[in-house]
Amino acid sequence: MSAEAADRLAGLLARSGLRPLQLAGRTLLPVVQGGMGVGVSAQRLAGAVAAAGGMGTISSVDLRRLHPDLMAQTRGLGTGEAAKAAIDDANLEALSREIAAARQRSGGRGLLAVNVMRAVSAYAAQVRRALEAGIDAVVVGAGLPLDLPDLAQDHPRAALVPILSDARGVQLIVKKWERKKRLPDAIVIEHPRLAGGHLGAARVADLQDPRFDFENVIPQSLAFLRSAGLEREVPLIAAGGIRRFEQIAGLQALGAAAVQLGTPFAVTAEADADPVFKRVLAEAREEDVVEFTSVAGLPARAVATPWLRQYLAHEGRLQAVAHAKARCTKAFDCLAQCGLRDGLKGWGQFCIDHQLAAALRGDEKKGLFFRGAGELPFGAQIRSVRELLERLLTPGEATGLPSAAPGASIAAHAT
């Protein structure tokens, strides 16, 4: 994206009445691009968002799949520790490459982040590599990153951003991190009833709990931060089901500093996945999106593709016969705890890396296609990052969706 296009977006923001996001000493668009693996949000997407003056995010999960030479090096390795080490090394190399390429693509504008799942086995190594590669921010979800300040102690200028879903989590992280002489530079408040991918609730049945509603968690979190004298130190970024300007305005009225979107960015022209992946997400109707328990033990939301429908039809039988295996059948051990490998009966019983990789390459019959709730800003159209940001920063560009006044119920309009 050109500097002229970024200037146009800055001008739209100035006229919109929305507040910019202040993070890591930078003034940014109040629209953050969420991290999406495997390979969906890599250097092309993250670099384009940063070039526009926003925060672009690379997902660290199994990035070797975007690099044919690294895939060739890790093909046919068999199983065991040597194979796992080779795959982990390849993914760290891919992470370094993606950060460097995104930096070049950004033109020095915006902010670049890496999203690392707390649940992955290589979590600590990926956080360290991202920081060593000079990433601006590290974002962590899918588990409480209580140790993130320790991993980043040699990188005080890097922003640390946990993803949480309720005010209790905000209090816990802030209090634990304060003991380590570090505060979150921002906190993403992700609504598990509206977001895509892995969700911040203990069980699928908990997704409807009103404690997750933005109208509750944002004021409660701000009240805690205010009582701790930190209200101006830790901006909150709302995530989940956000699709238009009026929702952003309403969330800023509640006290959020910015918003984070995943699925609308996943279907942009610049997103790193196959065009079929984008079509599956863009064309999915509300009734096509289902919730289930992932192999990581977390609730998840995805499009009910043929593979997922077939898996869910047999899930009960698969869970009933779940048993611990000697090693990962894919030689990867990508998760610290895995329902399939470890025989955890209430957890998913499939190889998540295999299914997400199939989605990345556009295999509609075999892929797992994570998706958030709600109609997308351009419906089923595939448009550019610039066009998406322009729509989000312009009042009245809602493609027929109901408007939400700044003080209106955000969750009701986001579903």
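## Quick word on helix 14 (residues 352-360)
Each α-helix turn comprises 3.6 residues. Residues three or four places apart therefore point the same way. The buried fraction of helix 14 is high, at eight of nine residues. Residues of helix 14 that are buried: Ile 352, Asp 353, Gln 355, Leu 356, Ala 357, Ala 358, Ala 359 and Leu 360. Here the buried face of helix 14 lies against strand 9 (197-198), helix 11 (275-283) and helix 12 (306-320). Looking one or two residues past helix 14, Gly 362 carries a phi angle of roughly 85°, positive in sign.

## Focus on the confidence of the model for the protein
A residue-level look at the protein finds 94% of positions with pLDDT of 70 or above and a mean pLDDT of 91. In this model residues 398-415 is a low-confidence stretch, pLDDT under 50, and it forms 43 contacts with partners more than four residues away in sequence or in other chains.

## As for the pairing of strand 7 (residues 159-164)
A large share of strand 7 lies buried, amounting to six of its six residues. Side chains of strand 7 alternate between two faces, with Ala 159, Val 161 and Ile 163 and Leu 160, Pro 162 and Leu 164 buried alike. The pairing of strand 6 (residues 137-141) with strand 7 spans four bridges and is classified as parallel. The residue of strand 7 that forms the bridge with Val 138 is Leu 160. Where strand 7 and strand 8 (residues 187-190) come together, two bridges link them in parallel fashion.

## Some thoughts on the environment of Glu 283
As for its position among the elements, Glu 283 is in helix 11. Of the residues examined, Glu 283 reaches a relative accessible area of 46% and is grouped as partly exposed. With 104 residues separating them along the chain, Glu 283 and Glu 387 place their C-alpha atoms 19 Å apart.

## Considering the sheet that holds strand 12 (residues 289-293)
Read from one edge of the open sheet, three strands run 9-13-12, paired in antiparallel fashion. Of all strands in the sheet, those bounded by a partner on one side alone are strand 9 and strand 12. Bridging between strand 9 and strand 13 (residues 299-303) involves two bridges; their strand directions are antiparallel. Pairing of His 198 across the sheet is with Ala 300, part of strand 13. Against the sheet, helix 12 touches strand 12 and strand 13, its axis set at about 40° to strand 12.

## Describing a nonpolar patch on the surface
On the surface, Leu 144, Leu 146 and Leu 172 cluster together into a nonpolar patch covering about 210 Å² of accessible area. Within the secondary structure, Leu 172 sits in helix 7 (residues 167-178). With a relative accessible area of 33%, Leu 172 lands in the partly exposed category.

## As for the nonpolar core
Ile 218, Phe 265 and Leu 368 are the most contacted members of the largest nonpolar core, which totals 110 residues. Non-local contacts of Phe 265, meaning those with residues more than four positions away in its chain, are made with Val 31, Val 32, Gln 33, Met 36, Leu 45, Val 49, Ala 271, Val 385, Leu 388 and Leu 389. By size, the runner-up hydrophobic cluster in this structure holds 18 residues, among which are Leu 28, Val 32, Ala 113 and Val 188.

## Re helix 5 (residues 123-132)
Buried within helix 5 we find Tyr 123, Gln 126, Val 127, Ala 130 and Leu 131. Along the long axis of helix 5, the arc covered by the buried residues comes to 130°, so they all point the same way. Elements that come into contact with the buried residues of helix 5 comprise helix 4 (81-106), strand 5 (111-117), strand 6 and helix 6 (148-151). With its phi angle positive at about 85°, Gly 134 sits one or two positions after the end of helix 5.

## Side note on the environment of Leu 66
Tracing the backbone shows Leu 66 in the loop between strand 4 (55-59) and helix 3 (68-73). Overall, Leu 66 belongs to the partly exposed group, its relative accessible area being 26%. It is 22 Å that separates the C-alpha atoms of Leu 66 and Ala 82, two residues lying 16 residues apart in sequence. Among residues more than four places away in sequence, those in contact with Leu 66 are Gly 39, Ala 42, Glu 98, Asp 272 and Leu 360.

## Section: the packing of helix 4 against helix 5
Where helix 4 contacts helix 5, the two axes come as close as 10 Å, and the packing angle between them is 35°. Helix 5 is crossed by helix 4, and the crossing has right-handed handedness. Residues Leu 92, Glu 93, Leu 95, Ser 96 and Ile 99 of helix 4 pack against Ala 125, Gln 126, Arg 129 and Ala 130 of helix 5. Residues of the contact of helix 4 with helix 5, tallied by class, amount to five nonpolar, two polar and two charged.

## What to know about the pairing of strand 12
Relative to strand 13, strand 12 runs antiparallel, the two being bridged by five bridges. When the bridges of strand 13 are listed, Thr 293 appears paired with Pro 299. Hairpin connection of strand 12 to strand 13: five residues between the antiparallel strands, including Gly 297 at a positive phi of 85°.

## Some thoughts on unusual backbone geometry
Look at the link from Gly 37 to Val 38: it is a cis peptide, with omega at -5°. Structurally, Val 38 can be placed in the loop between strand 3 (31-33) and helix 2 (43-51). Here Ala 24, not a glycine, exhibits a phi torsion of approximately 55°, which is positive. Within the element layout of this structure, Ala 24 appears in the loop between strand 1 (21-23) and strand 2 (26-28).

## Observations concerning the packing of aromatic side chains
For the structure shown, the criterion picks out five aromatic pairs. Ring geometry for Trp 307 and Phe 350: centres 5.1 Å apart, planes at 75°, overall edge-to-face. You can see Trp 307 sitting in helix 12 and its partner Phe 350 sitting in the loop between helix 13 (339-342) and helix 14, a full 43 residues away along the chain. Side by side, Trp 307 and Phe 350 carry an identical accessibility label, which is buried. Through a chain of ring-to-ring contacts, the aromatic side chains of Phe 292, Trp 307, Tyr 311 and Phe 350 assemble into a single cluster.

Conventions we followed
Residues numbered from 1 in each chain as written. Predicted model: local features only at pLDDT ≥ 70, side-chain atom pairs only at ≥ 80, totals over all residues. Heavy atoms only, no water. Buried < 20%, exposed > 50% of the residue type's maximum accessible area, 1.4 Å probe, protein only. Helix = DSSP H or I, 4+ residues; strand = E, 2+ residues; numbered from the N terminus. Contact = heavy atoms within 4.5 Å. pLDDT = per-residue confidence, 0-100. Pairing = 2+ DSSP bridges. Axes fitted to C-alpha atoms, helices over the stretch in contact; angles between N-to-C directions. Patch = residues over 30% accessible without salt bridge, like charges linked within 9 Å, V, L, I, M, F, W, Y side chains within 5 Å. Areas by Shrake-Rupley, 256 points an atom, 1.4 Å probe, with all protein chains shown as cover. Salt bridge = Lys/Arg side-chain N within 4 Å of Asp/Glu carboxyl O. Core = buried A, V, L, I, M, F, W, Y, C linked by side-chain atoms within 4.5 Å. Arc of directions from axis to C-beta. Left-handed = near helix turned anticlockwise from the far one by under 90°. Nonpolar A, V, L, I, M, F, W, Y, C, P; charged D, E, K, R; others polar. Phe/Tyr/Trp six-rings, centres within 6.5 Å; stacked < 30°, edge-to-face > 60°.

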